[in-house]
Each structure stands twice: as C-alpha cells, then as structure tokens.
Amino acid sequence: MDKSIIDSIPHISEINAQHGAFNGVLPQQTQTFQDRMLTKNKILPSIREAIIRTGLKDGMTISFHHHFRNGDYIINLVMDEIAKMGIKGLTIAASSLNEVHAPLIKHIQNGVVKHIETSGMRGELAEQISRGLMEFPVVFRSHGGRAAAIESGEVKIDVAFLGAPSCDPYGNANGYSREQDNATSCGSLGYAKLDALYARQTVILTDHIVRFPNAPFAISEANVNYVVRVDAIGDAQGIMSGSTRFTKNPKELLIAKTAADVIEASGYFYDGFSMQMGSGGASLATARFLREKMERDNIRCRFALGGITGQIVEMHEEGLIDRILDVQSFDLIAAESLKNNRFHQQIDASYYASIINGGAAVNQLDFVVLSALEIDVNFNINVLTGSDGVIRGAIGGHPDTADGASISIIVAPLTRGRIPTIVKKVNTIVTPGAIVDVVVTDQGIAVNPLRPEIKDRLLSAGLPVFDIETLQRRAERIVGVPEDICYTDKIVGVVMYRDNTVIDVIRQVEE
Amino acid sequence: MRQLRRSMLFVPGNNPGMIRDAHIYGSDSIMFDLEDSVAVTEKDAARALVYQALMSLRYGKKELVVRINDLSSGLGIEDLEAIVRAKPNVIRLPKTETAQDIIDCEREIARIEADAGIEVGSTGMMAAIESAKGVLNAYQIACSSKRLIGIALGAEDYVTDLKTTRSDGTELFFARNVILNAARAAGIDAIDTVYSDVNNEEGFLREVELIKKLGFDGKSVINPRQIAPLHKAFMPSEKDLTKARAIMQAIAEANKRGSGVASLNGKMIDKPVVIRAERLLELYDAANIIPIEEV
C-alpha cells in the first residue's frame, strides 16, 4: 500500500490508523488446534515461575478467593513460595480466610505479609490477630463492600492467585469440571470472577487442565495471564459437603418455623417474591417451612439469591423457584445444579452486592434470613467477634443483604449455652440496627420500632412479638450478665460498612 | 380452663440445656426426669439441677411434673425431700404396682409439705404403671389418692415383664384399655406411653390415632419434634366442630322448651351426645389459646 493513498484518506487524522499500511502476514500456523494447545498456551511450570513472571514485588497487593473454604490449599501454597523468594510487605486481599490459613501467622511474623483485607477469619490466625499479632489493623469488608472497593480502585490488586477446579490452557476457568464427574468442585466462582476482572495480573492455579474451550466458563481467558497446574487445589471434604444437612435440632426447627410464619405474615410473601437464606441451620431450615406455604398457596419465588444450597436447588427443580443467582455454592448439589440447570446463574460479587452497582441483586430482594452471634437492643448485629472479644466469624453479605432487602430477618437462639445472644450492646457492630427489621428467637420475636407496620402484621397473625428489651432481659435472667471483656487500646481490626465507611473497630483482647 | 395433657415432654434431669429451654416447644406438660434417663452416678446432680430449675426458671403456665425414682431404690425419698420443696405441680411415681405404693409416697409428700410450710395436699401425683401386676391393680391405684391427676402406661418395662417386645401395639392393647378404664372410673386422666423411634413420624402418628380412638387424654413425648404432630392429631376437625356447635345450639333450644332431648337432622340428641360435644369444644378452646406469655 502506497503511503500517499493513506494520507489521502478523508478524515485520516481522526481515524485511528497509527499502525500504517498493511505489511504482510506472519507465517500461517499449520499445527492442528489440538497440538497448538499443547505448545502455545499460558501454562507455566510452577508457582514460582508465575510469581516471577507477574513481577510481584515488595509491598504489592495479592488476592485470593474463599470458594474452597476450609479445604483451601492455594493460599498456603502461594504464600510459602513467595516467602521462599524473599518478597516482603505484601497486602493480602482475600475474599475471606479460614482456620486452614493459620500458616499465615509465620508469614506475618517474618514480614512477608504486612496487611490483610478479608471478610472474616477463624481459628489460630484470628486468635493471634485478636491478641495483637499485626501492627497494621486487618480491614474487614462485606462481600459487597470488597467488590465496591475493588471497582472504585480503593483496593488495587496487583496479582490475583485464583484456584479453580478446571481450567483450559488459555485460562478459561470453572468451579467444577465438565470433563470429569469426580473432580474437585466448588460450584460458583463468584468472588474470584471480580478479582480476575480487576487484578493487574491473574494466575489461575488448577489441578485439572482441560482442553480449550472450557465453556461455559466462570472466568474468561481475557482476564487471565498465566495458568499453573498444581497437584491439589484443596481438600474436597473441606471445600464442601455432599449436601447441606437439614437440621434435626428442635430449637433450630422452632426458630425456622417461626421465621417462615414471620415471612408469611410480613406482607412480602406473594406470588413472584425474591429471597435469600443465609448460612446457619435455622436460616437454611426456614426454606423448608416456606416451601410448605408456597405449595399450599400456589406461590412461586422469582429468584433466590446468595450462597446456594441443595434445598434451594430442590425447590427450583420442583418449579417453586424460577431463577437462582449464585455467588457461592454451599454444597455439591448446588454445584451440580450450576453445571446442569440453565436457570441457575453464576454471578460475581459486584452483581451480587456492590453498592456501586445500581442493579446489584441484593437490592432486588424482598427478604433475607440471616443469623447472628449477637444482637443488641438497638438491633445492631455482630457476626464477627465472639463473646470473648476474639475474631471468629465473617461479615459475608450480612450488611449488604440486610440493607438491600425490603425486610431483613435475623434468626438466633436467645442464648447459646451460657452466653446471651440478645445483649445491651454488641461487641462489634457489623450490620447497623437501622437496616435490621425482625429478630426471631426460640423465645419470641422482636420487631424494629422503625417498622411499626410489620409489627402490626405479625401481631395480627397471632405471632409472639415482644419488645427487644424484654427478650434481652429474659436472656439475662436465664444466663446472667457476662463479665466485661478486657481490651487494650490497640486497634487490631477495622470493620467497614458496605459503603466502605468505618462502622466499628476491633481492639486487642487483654490476656 | 381445663388442664390439657395432650403432650408431656420428657426432659432428662441432668441436661441443663434442655431443662432451660423445655417450655419453648409448646407441650402441655413438662416432665423433668430423675429416673431412667439419668445414670446412677448422675442422680445427685440431676436432683440438684431440677430443684434449682424449679426454684429459679420461669416456665409460664406449663404443668410441671417431676418423675422421681421409686421409693424402694432409696433414691425416691431423697428426690422427694428436695423436689417437693420446689413445689412442682405433680410428682410422678414410676413402677407403681399397688395402691400401697401411692399411699407410701403420699405420706412422705405430706410430711415434707408440712415440714416445708407448703399447704398439705397441694402437690399433685401421677402414677406410672409399668408391670403386669400394676396393670391388674390399675383401678385400686387410680383410686388410692385424691392427689392423683392421672395414671400413665410405661410400655418399655411392661412389655419386658410380659416377655414380649414393642411392635404394632397389639402387645399393649390390654394394658391400654385397663389403664384407660381405671382412669375413667376414678375420674382422672389417662396418659399413653412414649414412642421412641423419633425419626418415624408415620409410625408415631399411627400410634397417636390409636390412643386417641381408645380415649386417652394424651401421650408422653421424648422429642420436641413430636409435639406439633401430636397436637394436630388431637385437634378436632372443622366438621366435628360444626357438628358439636349445632348440637349445643339444638340442646339449648330444647332446654328452653323444658326438654332434655333434642333432635338434629333426624338424630336424637341426648345427654351423652351433649357431653361429647361439650368436651370437644372445650378441648378446641383450650388448644386454641396461643400462650404469648411473658415468662
């Protein structure tokens, strides 16, 4: 092509043609696609090689997902390698952490990890952090808050290390395998999807490389830089159970039945409603009781959101729930359904709950049923710290769904052992009382005074509604007043509300 | 209002968690057990725990029953010494074989009541019949004390005594009828035995239907999950309710005319029909009160 012709093209200065004239093609590929997949791909031989290629340096931010729950091997594998390479001062931005991540303690002690962002943590790591292990406080964000922080750039991920049960040589990754029925499985990769999209670089770690295209996929190759095969990504038992056990605990059943009665009477039980059931025996069992009412009244649910269990899948397959939006699958039945049911949709953390995302699914909820460690007389909820002040939980989507849903229902026993659940003041505010509507215990219901119309409806239905102060006094009368927890002045954790403003701090517990 | 005894929830006396929450499941009575569900090494602890629970926890309007150990074991007296002072509604005596067992127990209760400054006679009693001898003495037992509010069948020991095992209920047919007739003749309640396969709701409901047909007032339950289906089975149907209300109306009109006999849809309404209708409506009213109590 003659350059003068290019210069004569009208509006050439406005056409993006900076590469100039056509200059011939590269030699054509003649390998078969199958052979090419083996020789030209994103697969690297080791985690170390991937770390080197990403250019990970001191002080950078790396991210992980928690879809493998307490069966996760990825974080420990990657962190051990990083430590051996002598990289220091990293920020770990995990969607959540678990007991299995106790080895992070040594990486904190030797300076590899400077800061942690997570939804929650449990076990030895949480114990040590509560006792002042880190100089830099841990930042706790809700799932929606984390998504918003990533989208807004508040949290900048340099490298995401994402485990996946299957991945092709170009990085199309899934939370299950379509090639092998007994492969490790975690179902939805909702939290990982967003990390892959926003991280500067993404490494997929998989135990199961499948042929291109691993479609339909959760994570697109467009968002993946490297793929590393590892022997094992996690312990299948710890990742998820076969099916979420239906509780036989009579107290949980009583609470669940009452919660279903509350939903029925609340004004939000109608043909075409939407719902989310949080984790925990009582909130999961609520779905069972609701199902009886739905069958009786011929009412269907338009969509169920959230952590998805086999129970929700069963109701979907029976035609009681039209659509499932799944950010995280809680059991193998849910994972199987994601693979096989076309109206079971995998969604990412932003779609789920980000406050920046105007269409976030939580905003379309009629009701959500959630659990709590503590509830106070102002309806504030704690799901993060135990009665000893030590971190032992996760925010999850608690404030996101409580805020988004038209009615939020908290289910909890009035007391647990010798510990009151309803207290005068929670240890840590995770979800503010202003967005908590109804508390259901085994010994009565309390309705937030901000929602008098709901209180009237429940009373009209003959439900046992009390002031929350009455329930608090009842708990106190049964188990007494716990001794105050002794804290030092040191702040070990910062709790963010879903808009990433600071709603509370967690202090170091005194020995 | 009549004291319903459709369900009597067994609560092991050495389980603080269950003792604390026993009232939340909606049973008509709660029975704290010091006997067979408590190991010998735990007897003292259970006794102390149940005593403290009765003294300090609030169970609303539930009927509170304590099953003591039998007096011949030596533990029964110690149980009474503690428990009577905590003023439960009813003391349940296990393994009752003769009227004398009740008389002996009542004497001790009366002594302790007097000693503790409790009105003598205020503690109710209930007898569990758990042997062939006890069944054959059922009527004498039922008539042996004014304190008795009911007699109950204890099937596990009974079938062992008969040298059989529990099956479809045939093995209990005689004992149930004898106990029921004895109770009715004495004007007290008849309570059926437990159904121990808690995961078999179908089998449980079959047994409930049977004892309801026989005429029992209710049944002991060992798991809170059995309470709701039991109460549902005892709830009169809409049809029966409508009929009972019509009967009451017809007889009221007949009474106005000075007659004790009425006719409804061509059928004669006389006293037994009216009594049955009255009882059914009474049961319905009692069962329909949802206690929203400040406990």
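Residues numbered from 1 in each chain as written. Chains lettered and ligands numbered in written order. Predicted model: local features only at pLDDT ≥ 70, side-chain atom pairs only at ≥ 80, totals over all residues. Heavy atoms only, no water.

Enquirer: How do you make sense of the overall build of chain B when you look at a structure like this?
Expert: For chain B, the helix and strand inventory stands at twelve helices and ten strands. Rg of the C-alpha trace for chain B: 20 Å, near the compact-globule value of 19 Å for 295 residues, within the 12% margin. In terms of overall dimensions, chain B has C-alpha extents of about 65 × 45 × 40 Å along its principal axes. In chain B, buried positions account for 50% of the 295 residues. Expressed as a percentage of contacts within chain B between residues at least 6 apart in sequence, the contacts between residues at least 24 apart total 69%. Of the roughly 14,000 Å² that chain B leaves accessible, carbon and sulfur atoms contribute 53%. Separation of charge centres in chain B, based on 38 positive and 43 negative side chains, amounts to 6 Å. (Helix = DSSP H or I, 4+ residues; strand = E, 2+ residues; numbered from the N terminus. Rg over C-alpha atoms; globule rule 2.2 N^0.38 Å. Buried < 20%, exposed > 50% of the residue type's maximum accessible area, 1.4 Å probe, protein only. Contact = heavy atoms within 4.5 Å. Areas by Shrake-Rupley, 256 points an atom, 1.4 Å probe, with all protein chains shown as cover. Lys, Arg positive; Asp, Glu negative; His and termini not counted. Charge placed at Lys NZ, Arg CZ, Asp CG, Glu CD.)

Enquirer: How should the pattern of salt bridges be read in this particular structure?
Expert: Tallying each qualifying case throughout the model produces 57 salt bridges over all chains. Note that B:Asp28 and B:Arg6 form a salt bridge whose closest N and O atoms lie 2.9 Å from each other. Remark: B:Arg6 occurs in the segment before β1 (7–12) and B:Asp28 occurs in the loop between α1 (16–21) and β2 (29–33); sequence separation between them is 22 residues. A relative accessible area of 11% places B:Asp28 in the buried class. Taken together, the shared-partner salt bridges connect A:Lys257, A:Asp261, A:Glu264, A:Lys293, A:Arg296 and A:Asp297 into one network. (Salt bridge = Lys/Arg side-chain N within 4 Å of Asp/Glu carboxyl O.)

Enquirer: Please explain the packing of aromatic side chains as it appears in this structure.
Expert: Taken as a whole, this structure holds seven aromatic pairs over all chains when the rule is applied. Judged by centre distance (5.4 Å) and plane angle (20°), the rings of A:Phe273 and A:Phe367 are stacked. Within this pair, whereas A:Phe273 is found in strand β12 (residues 273–277), its partner A:Phe367 is found in strand β16 (residues 367–371), the two being separated by 94 residues in sequence. A:Phe367 shares its class with A:Phe273; the two are buried. An angle of 55° between the planes, with centres 5.5 Å apart, marks the rings of B:Phe32 and B:Tyr59 as tilted. Taken together, the residues span a long stretch of sequence, with B:Phe32 in strand β2 and B:Tyr59 in the loop between α2 (43–56) and β3 (63–67) at a distance of 27 residues. Accessibility expressed as a relative area gives 0% for B:Phe32, which makes it buried. By way of ring pairs, the aromatic residues A:Phe33, A:Tyr170 and A:Phe212 are connected into one cluster. (Phe/Tyr/Trp six-rings, centres within 6.5 Å; stacked < 30°, edge-to-face > 60°.)

Enquirer: Honestly, the packing of helix α10 (residues 250–266) of chain A against helix α11 (residues 281–297) of chain A in this entry has me stumped. Any pointers?
Expert: Working note: a packed helix pair is described by the angle between its axes plus the distance between those axes. Residues and elements named next belong to chain A. Look at α10 against α11: their axes get within 7 Å of each other, and the N-to-C directions meet at 50°. Classified by the interaxial angle, the pair formed by α10 and α11 is oblique. The way α10 lies across α11 gives a crossing that is right-handed. Note on element contacts: α11 touches α10 through Gly-281, Ala-282, Ala-285, Thr-286, Phe-289, Leu-290, Lys-293, Arg-296 and Asp-297, opposite Glu-252, Leu-253, Ile-255, Ala-256, Lys-257, Ala-259, Ala-260, Asp-261, Ile-263 and Glu-264. Here the residues of the contact of α10 with α11 sort into ten nonpolar, two polar and seven charged. (Axes fitted to C-alpha atoms, helices over the stretch in contact; angles between N-to-C directions. Parallel < 35°, antiparallel > 145°, perpendicular 65-115°, else oblique. Left-handed = near helix turned anticlockwise from the far one by under 90°. Nonpolar A, V, L, I, M, F, W, Y, C, P; charged D, E, K, R; others polar.)

Enquirer: Got a minute to help me understand the domain arrangement of chain A in this structure?
Expert: For interface size, the figure often reported is the accessible area lost on association. All names here are of chain A. Per the domain assignment, the segments of chain A are domain 1 (43–239) and domain 2 (242–482). The straight-line distance from the C-alpha centre of domain 1 to that of domain 2 is 29 Å. Contacts between domain 1 and domain 2 engage 37 residues on the former and 31 residues on the latter. Here domain 1 packs against domain 2, burying approximately 2,600 Å² in sum over the two surfaces, 56% of which is carbon and sulfur. In this structure, the connection of domain 1 to domain 2 is made through zero salt bridges. At the junction of domain 1 with domain 2, the criterion picks out 19 residue pairs in polar contact (both at pLDDT 80 or more). Elements supplying a minimum of two residues to the side of domain 1 that touches domain 2: β5 (120–121), α6 (123–130), α7 (143–152) and α8 (190–198). Here the element with the most residues in the side of domain 1 that touches domain 2 is α7; it accounts for seven residues. In the side of domain 1 that touches domain 2, the residues fall into twelve nonpolar, 16 polar and nine charged. (Domains from an automatic or database assignment. Buried area = accessible area lost by both parts, 1.4 Å probe. Polar contact = N/O pair within 3.5 Å; in protein donor to acceptor, adjacent residues only side chain to side chain.)

Enquirer: What is the right way to read the pairing of strand β6 (residues 148–153) of chain B from this model?
Expert: A regular strand places its side chains on the two faces of the sheet in alternate fashion. All names here are of chain B. Burial analysis of β6 places five of its six residues in the buried class, the great majority of the element. As paired elements, strand β5 (residues 124–129) and β6 share five bridges and run parallel to each other. What sits directly across from Ala-128, in β6, is Ala-152. Taken together, the three bridges between β6 and strand β7 (residues 189–192) define a ladder with parallel strand orientation. Following the sheet pairing, Gly-150 is matched in β7 by Asp-189. (Pairing = 2+ DSSP bridges.)

Enquirer: Would you mind showing me how to read the sheet that holds strand β28 (residues 502–509) of chain A here?
Expert: In a beta sheet, neighbouring strands pair by backbone hydrogen bonds and run either parallel or antiparallel. Residues and elements named next belong to chain A. In space, the ten strands of this open sheet follow the order β1-β11-β10-β7-β2-β3-β4-β6-β27-β28, with mixed pairing throughout. Looking at the sheet topology across the chains shown, the edges are occupied by β1 (43–44) and β28. Of the pairings in the sheet, the one linking strand β2 (residues 61–64) to strand β3 (residues 90–94) comprises four bridges and is parallel in character. Note on β3: the bridge partner recorded for Phe-64 is Ala-94. Sitting on the sheet, α6 touches β4 (113–118), β6 (138–140), β27 (487–496) and β28, and the angle it makes with β28 is about 90°.

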